[in-house]
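Notes for the structure review
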Amino acid sequence: MQGQADRTANPFTLRANLAANVGQGGRFDIQRDSSTGQLYGPMIKGANYLVGVYSAATDVDEFQMLMLGLGYAVYHDGAAGFEVFAADSPDWVRGYEDYKSGKAQ
């Protein structure tokens, strides 16, 4: 099936490591320098797109992805997290849908 995660990797481990891989400062967080925390503004949309691609590739349900993201945003930023979620989640969904449709592989 097109758009599947590497079958040699354990999907449960990939899902369990979602935050470590795509969360703030995670392995694939391309919008900031992990050692200094410096934010690279032009990379924000790409980083958020990758959240959706990674979630889809590891078979995280789209609703779960959104709820995890909302929960993290509110936990990390308080009430401002709702604004962060509103700004970032459309790129997560676009990445998710592109992966599931085969547009992003």
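Look up: the structure comes first, before these words.
Notes on the structure in this doc start here.

Conventions used here
- Residues numbered from 1 in each chain as written.
- Predicted model: local features only at pLDDT ≥ 70, side-chain atom pairs only at ≥ 80, totals over all residues.
- Heavy atoms only, no water.
- Salt bridge = Lys/Arg side-chain N within 4 Å of Asp/Glu carboxyl O.
- Helix = DSSP H or I, 4+ residues; strand = E, 2+ residues; numbered from the N terminus.
- Patch = residues over 30% accessible without salt bridge, like charges linked within 9 Å, V, L, I, M, F, W, Y side chains within 5 Å.
- Areas by Shrake-Rupley, 256 points an atom, 1.4 Å probe, with all protein chains shown as cover.
- Buried < 20%, exposed > 50% of the residue type's maximum accessible area, 1.4 Å probe, protein only.
- Core = buried A, V, L, I, M, F, W, Y, C linked by side-chain atoms within 4.5 Å.
- Contact = heavy atoms within 4.5 Å.

**Section: the pattern of salt bridges**
For the structure on display, the rule yields three salt bridges. The residue Lys45 makes a salt bridge to Asp91 at a minimum N-O spacing of 3.1 Å. Remark: Asp91 occurs in helix α5 (residues 81-101) and Lys45 occurs in helix α3 (residues 44-57); sequence separation between them is 46 residues. A single salt-bridge network, built from bridges that share partners, covers Lys45, Asp91 and Arg94.

**Details of a nonpolar patch on the surface**
A contiguous nonpolar surface patch, about 290 Å² in accessible area, is contributed by Ile30, Tyr40, Met43 and Leu50. Its place among the elements puts Leu50 in helix α3. Judged by relative accessible area, Leu50 falls into the partly exposed class, the value being 30%.

**So, the nonpolar core**
Core analysis: the biggest nonpolar cluster contains 19 residues, and Val22, Val53, Met65, Leu66, Phe85, Trp92 and Tyr99 have the highest contact counts within it. Within the residue set of this core, elements represented by two or more residues are α2 (18-22), α3, α4 (62-77) and α5. Sort the elements by how many residues they give to this core and α3 lands first, with six residues. Ignoring anything within four residues of it in the chain, the contact list for Val22 reads Phe28, Leu50, Val51 and Tyr54.

**Some thoughts on the side chain of Ser55**
Mapped onto the secondary structure, Ser55 falls in helix α3. In contact with Ser55, not counting residues within four places along its chain, are Leu18, Val60, Met65 and Tyr96.

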